[in-house]
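Coordinate analysis (summary)
Spelled out, the chains give:
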Amino acid sequence: MLDCRGYFFESCVKLRSQNQGVEFDTKKDTMKTIQQILEECKMLAFDLNFTHSKNWLEKNKNGVVVGYMPIYFPREIIHAAGGLPVGVFGGGDRKQIIKGDAYYQSYICHIPRSIMELALDKHMAHFSGFIFPSICDVIRNLSGIFKQQKIGTFVKYMDFPQNFLPEIGGVFYQQEMQHVLAYIKEINGIEVTTEGLNHSIDLYNKNRRMIDFIYKIRQEYPWRLSIVDVYHIVRAGTVIPVEEHNVILEQVCEYIKGDVGTPQDKIKVVVSGAFCEQPAIGLIRAIEEAGCYIVDDDFMLGSRMIIGDIDATTKNPLESIALSYIKQSQYSSSIYDVHDPKEYRLAKIVKDRKADGVIFASASFCDPSLLDAPIFQNAFNKMGIRYISFQYSENINQFKVIKEQVGAFSDSIKLWEDEPTVA
Amino acid sequence: MSTEAQKEKSMILQKEMISGLFNDLSKAKETGKKVCYTFIPGNLSELIRTFDMLPVYPEINALQSAMRKKSAGYIKEAEKHAHSEDVCTYVKCDVGMMMKGNIGPTGEKIPEPDILLLSYTGCFTFLKWFETLKREYPNAVVIMVHTPYQENAKMTPEMTQYMVKQFYEEVIPKMEKVTGIKYDEAKLKRHLELSKEAEDWITKIFDTTKHRPSPIDAYFAGVYYIGPINIGFRGTQEAVDYYKELYSEIMERVRLGLGPITPEGEMKEEKYRLVVEGPPNWTSFREFWKIFYDMGAVIVASSYTKVGGVYDMGWRHDANRPLESLAEYCMNCYTNLNIPQRIDLLSKCIVDYQADGYVTNSIKSCNSFSAGQLGMMREIEDRLEVPVGFIESDLVDPRYFSYSNIKNRLESYFQMLEQRKIIKESTTV
């Protein structure tokens, strides 16, 4: 059962009482107002029954639903194989954990227990496969628990290369993708074609371009669309077909081109460290309400992982995808970075976005994020970039302390606004 | 502890080997030897020796600091510099030690690395650890070896090839450049032959726990036994000699029907035979061990002694396939096995060594081990109907070792084992 709050809760109760799912017909989307779109994205983003994918599966008899965990997975290949990739980002503050706690000690982050809870409560019973990208030991071992529990037809731990030579790491990555395709083919018999893959790459390129556009507009005019709405829009895209998400994005992009909203006296910040276990939406809202426009973040990093387009014109699209990961990836706590240090990359984002500071938000017990903290903070002390840090858990919904902390941060920056941001 | 610890002869031998290594390290700059920082799981000892380098293992420094009661101060130092309370305490202990002058266990300064060799096997924190070290040692050459995870419970030819390509294209050229020594495959093969020999011996040693009483404790004493093979001596005649000597000592104990040697002397009665999952606590190592031997519990197998290589299932280094063999070695370390493989391996240990119980020591700051342990425990309990116990501690942070909690839990567990024995005996009668 969902443990929802606010609007979402009411909507779900209504839907459940009518024995309906959350489904949207994109053919009618052109008729929708922006408010309707935002409401739909909000519901899609937190539909822990993944109803849209269930309905998609009913309509696509040869379809295969594949769940993927954070951070990044090349969704293009699932799409090209007639599948629907669905992001699994945990239960947040909307799912009571009972069974999941029996699998994880108190000193392990929250997301694996909520994913287990979702799996054991059959929220993902219609998923054929699960992909666990190589981001940390917890997610890696969770793949083993899924295997042991025989959840899904296939479970794939996706070992992203830490070698960044195209002929070594790039080849290995292509082999990893081929394994996923082989699993899907075993289920639906579909052999991906070069044309099909290039078409899928094209669709996701378009998707990334539009998300990028939204962030670019918000960099200058963050009041046009709240970060909460942006979050809902991007997260909704992880649970519906890319074609449908592109329709939504087109309308959102059109909307924010207009001079909408009212500027407020807030500082601009970049949020870093929240790339896996997601903060509750109330926490994201609290940051903005406390006086900060979030002009960049890594909440749904996977949807924005590849910077720029992936070449959709080659005879070897898997190679294109592999090269994009090797050469065009955003910095990430899960990529060995000594050849391209992350502190400089984040500093560049701060500069490019004209941000006043950084909020390091790490999920409690998140090794990659917490182990990066001293690297970032030592560097930013030297660079003169202002920051604060705090920890959260996906299921906490009391943000008073964090709000005060962020508010104090915002106030202090406003007082120091003449000082240079980046040395 | 009031009693002076009794040491087996092999322990003394090992101490000499380790002292020799630290002595060599302290003179590395004078002798011109290059220094290679690397990790235990997936350590490429034979390759390091082929290039005449000296290894430094940061996690060994950390655990030695803990045993010398210095880790608390080092961790505090790291935490002052933005290191979180909730991350690997090995990392913080090492970073803190570095901040305090990098003085090693022998009291001499550990030299800075010429190479940071990251063959990160089964632990993502290693990766983050070396990112931190690289920033502290900007002049060190970084060699990254990505070891694929055995996600599907096997090492495929493409995984091996991926690693071999990394050896050829990245690892060896960089080692040649730093050391000025040309790669000598014949030399590597000689080391690999000696590795195989040492691996045969250590397998036989850990197999002696099949005897009743078990002549050794495969966890608390086991961590000493794995020392030479894990910390740079694998591939040397010294290691082979050490293990031969150790085996002969142990077989003598078997002949005499003796139990394991503990810090307080020989264990008189073997009441419970256990398999333990997870690393030990290092800050209160002796107190921790004492809880077990006071209750007559001997550990007949442990997963921790397999972090530097799993040899039980027959895998060995192979001089005929030198680089492929190194690749397989890295992929075959315990924490690089997937969860079902770990369950199978531990189940095999419980059956083969006739264990009465299975205990998990869950380490707060080690997700590589800890994440999934509860699921493993449940599966093992269901599969073998063996009583399971669960305790929590930490690697090197004394704040997370609660003696009374652990003792209480273990006492209850041993009571349960005792009761089970009585029921079993009465049923048999």
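Residues numbered from 1 in each chain as written. Chains lettered and ligands numbered in written order. Predicted model: local features only at pLDDT ≥ 70, side-chain atom pairs only at ≥ 80, totals over all residues.

Looking at the overall build of chain A
Which entries qualify depends on this criterion: Numbering of helices and strands runs from the N terminus, with a helix taken as a DSSP run of H or I at least four residues long and a strand as a DSSP run of E at least two residues long. Only the C-alpha atoms count toward the radius of gyration. The rule for a globule is 2.2 Å times the residue count to the power 0.38. Backbone-placed C-beta atoms define the burial measure: a residue is buried with 20 or more other C-beta atoms within 10 Å of its own, exposed with 12 or fewer, and partly exposed in between. Contact criterion: two residues are in contact if their C-beta atoms, reconstructed from the backbone, are within 7 Å.
Regarding its fold elements, chain A presents 15 helices and eight strands. For 423 residues, the compact-globule formula gives about 22 Å, and the C-alpha radius of gyration of chain A, at 21 Å, lands near that figure. Going through the 423 residues of chain A one by one, you find that 56% of them count as buried. The contacts in chain A between residues at least 6 apart in sequence include a share of 77% that link residues at least 24 apart.

Structural notes on the overall build of chain B
Counting its regular elements, chain B contains 18 helices and ten strands. What you see for chain B is a C-alpha radius of gyration of 21 Å, in line with the 22 Å of a compact globule of 429 residues. On the principal axes, the C-alpha backbone points of chain B span a range of 70 × 50 × 40 Å. In chain B, which comprises 429 residues, the proportion classed as buried is 56%. Restricting the contact set of chain B to residue pairs at least 6 apart, pairs at least 24 apart contribute 78%.

Quick notes on the interface of chain B and chain A
Operational definition: In this count, Pro and Cys sit with the nonpolar residues alongside Ala, Val, Leu, Ile, Met, Phe, Trp and Tyr, while Asp, Glu, Lys and Arg are called charged and the others, Gly among them, polar.
Contact with chain B, which involves 41 residues of that partner, is made by 41 residues of chain A. Among the elements of the structure, helix H7 (124-136), strand E4 (141-146), helix H8 (157-179), helix H15 (339-352), helix H16 (367-370) and helix H17 (373-384) of chain B are those that each provide at least two residues to the side of chain B that touches chain A. A breakdown of the residues in the side of chain B that touches chain A according to their chemical character gives 16 nonpolar, 14 polar and eleven charged.

A closer look at the nonpolar core
To keep it simple, the criterion reads: Only buried Ala, Val, Leu, Ile, Met, Phe, Trp, Tyr and Cys residues enter a nonpolar core, and they are joined through C-beta atoms within 7 Å. Where each domain begins and ends is defined by an automated method or by a domain database.
With 269 residues, the main nonpolar core has A:Val269, B:Leu118, B:Leu274 and B:Val275 as its most contacted residues. Two domains each put at least three residues into this core: domain 1 (9-184) and domain 2 (260-428) of chain B. Those residues in contact with B:Val275 that sit more than four places away from it in its chain are B:Val300, B:Ala301, B:Ser302, B:Leu346, B:Cys349, B:Ile350, B:Tyr353, B:Ala355 and B:Tyr358.

Structural notes on the domain arrangement of chain B
Residues and elements named next belong to chain B. Domain annotation of chain B identifies domain 1 (9-184) and domain 2 (260-428). On a C-alpha basis, the centroid separation for the pair domain 1 and domain 2 is 25 Å. Between domain 1 and domain 2, the residue contacts involve 37 residues of the former and 28 residues of the latter. Listed by contribution, the elements that provide at least two residues to the side of domain 1 that touches domain 2 are helix H3 (45-50), helix H4 (58-67), helix H5 (71-80), helix H6 (89-99) and H8.

A closer look at helix H7 (residues 166-188) of chain A
All names here are of chain A. This is how it is decided: Helix span is expected to be 1.5 Å times the residue number reduced by one.
Between its terminal C-alpha atoms H7 stretches 31 Å, which fits the 33 Å expected from 23 residues at 1.5 Å a residue. Among the residues making up H7, those that are buried are Ile168, Gly169, Gly170, Val171, Phe172, Tyr173, Glu176, Met177, Val180, Tyr183 and Ile184. Looking at the residues trailing H7, positive phi occurs at Gly189, about 75°.

Some words on the sheet that holds strand E8 (residues 297-302) of chain B
Adjacent strands of a sheet pair through backbone hydrogen bonds, lying either parallel or antiparallel. All names here are of chain B. Under the convention used in this document: At least two DSSP bridges between two strands are required for those strands to pair. Helix axes are fitted to C-alpha atoms over the stretch in contact, other axes to C-alpha atoms as well, and angles between N-to-C directions run from 0 to 180 degrees.
With respect to topology, four strands assemble into an open sheet ordered E8-E7-E9-E10, the strand pairing being parallel. Since the sheet does not close on itself, it has two edges, and those belong to E8 and strand E10 (388-393), each with one partner. Taking each pair of neighbouring strands and ignoring which way they run, the sheet shows an average axis angle of 30°. Both strand E7 (residues 272-277) and strand E9 (residues 357-363) contribute to a ladder of four bridges, which runs parallel. Residue Val276 lies in a different strand from E9, and its bridge partner there is Val359. Packing against the sheet, H15 makes contact with E7, E8 and E9, and its axis sits at approximately 170° to E7.

Focus on the packing of helix H13 (residues 342-352) of chain A against helix H14 (residues 367-383) of chain A
Residues and elements named next belong to chain A. The condition that has to hold: We call two directions roughly parallel when the angle between them is under 35 degrees, roughly antiparallel when it is over 145, roughly perpendicular when it lies between 65 and 115, and oblique otherwise. Two helices crossing with the near one rotated counterclockwise from the far one by less than a right angle form a left-handed crossing, whereas a clockwise rotation gives a right-handed crossing.
Between H13 and H14, the least distance of the axes is 9 Å, while the angle of their chain directions is 60°. Comparing their axes, H14 and H13 come out oblique. You can see that H13 and H14 cross each other, and the crossing is right-handed. In this structure, H13 uses Lys342, Glu343, Leu346 and Ala347 to contact H14, whose residues at the interface are Asp372, Ile375, Phe376, Ala379 and Met383. When its residues are assigned to classes, the contact of H13 with H14 shows six nonpolar, no polar and three charged.

Concerning unusual backbone geometry
A:Ile71 follows A:Pro70 through a cis peptide bond whose omega is 10°. Its location among the elements puts A:Ile71 in the loop between strand E1 (64-68) and helix H4 (75-80). Although it is not a glycine, B:Glu385 adopts a positive phi angle of roughly 55°. In this fold, B:Glu385 is placed in the loop between H17 and E10.

As for the pairing of E9(B)
One face of the sheet, then the other: side chains in a regular strand alternate in exactly this way. Residues and elements named next belong to chain B. Buried residues dominate E9, accounting for seven of its seven residues. Of the two faces of E9, the one carrying Gly357, Val359, Asn361 and Ile363 and the one carrying Tyr358, Thr360 and Ser362 are both buried. Where E9 and E10 come together, six bridges link them in parallel fashion. Looking at the pairing, Val359 lines up with Gly389 of E10.

Here's the deal with the pairing of strand E8 (residues 386-392) of chain A
Residue and element names in this part refer to chain A. Note the threshold: A clockwise path from the first strand over the helix to the second, with the strands pointing away from the viewer, defines a right-handed crossover.
Sheet topology note: the strand E7 (residues 357-363)/E8 ladder contains seven bridges and is parallel. Across the sheet, the residue bridging to Val358 is Tyr387, located in E8. As for the winding sense of the linkage, the β-α-β connection from E7 through H14 to E8 is right-handed.

A word on the environment of B:Thr208
Residues and elements named next belong to chain B. By secondary structure assignment, the location of Thr208 is in the loop between helix H9 (185-207) and helix H10 (222-225). Thr208 sits 42 residues away from Ile250 along the chain, and the two C-alpha atoms are 7.8 Å apart. Not counting residues within four places of it along the chain, the set of residues in contact with Thr208 comprises Pro215, Ile216, Ile250 and Val254.

Quick notes on H14(A)
All names here are of chain A. Defined as follows: The bend reported for a residue corresponds to the angle between axes fitted to the seven residues ending at that residue and the seven starting there.
With 17 residues, H14 extends 25 Å between its outermost C-alpha atoms, agreeing within 8% with the 24 Å of an ideal straight helix rising 1.5 Å per residue. Along its length, H14 reaches its greatest deviation from straightness, about 30°, at Ala373, and the proline Pro374 lies no more than four positions downstream. Buried residues of H14: Asp367, Pro368, Ser369, Leu370, Leu371, Asp372, Ala373, Pro374, Ile375, Phe376 and Phe380, and no others. Positive phi shows up at Gly384, right after H14, with a value of about 80°.

Topic: the packing of helix H9 (residues 227-236) of chain A against helix H11 (residues 281-289) of chain A
All names here are of chain A. Their axes nearest at 9 Å, the elements H9 and H11 cross at an angle of 145°. Residue-level inspection shows Ile227, Val228 and Tyr231 of H9 in contact with H11, the latter providing Ile281, Ile284, Arg285 and Glu288. For the contact of H9 with H11, the residue count by class is five nonpolar, no polar and two charged.

A word on the sheet that holds E8(A)
Residues and elements named next belong to chain A. Pairing is parallel across the open sheet formed by four strands, whose spatial order is E6-E5-E7-E8. The open sheet terminates on both sides in strands that have one partner only, identified here as strand E6 (292-296) and E8. Averaged over all pairs of adjacent strands, the angle between strand axes in this sheet comes to 35°, irrespective of strand direction. Relative to E7, strand E5 (residues 267-272) is paired through four bridges, and the arrangement is parallel. Bridging across to E7, Val271 finds its partner in Ile359. Lying on the sheet, H14 is in contact with E7 and E8; it crosses E7 at an angle near 165°.

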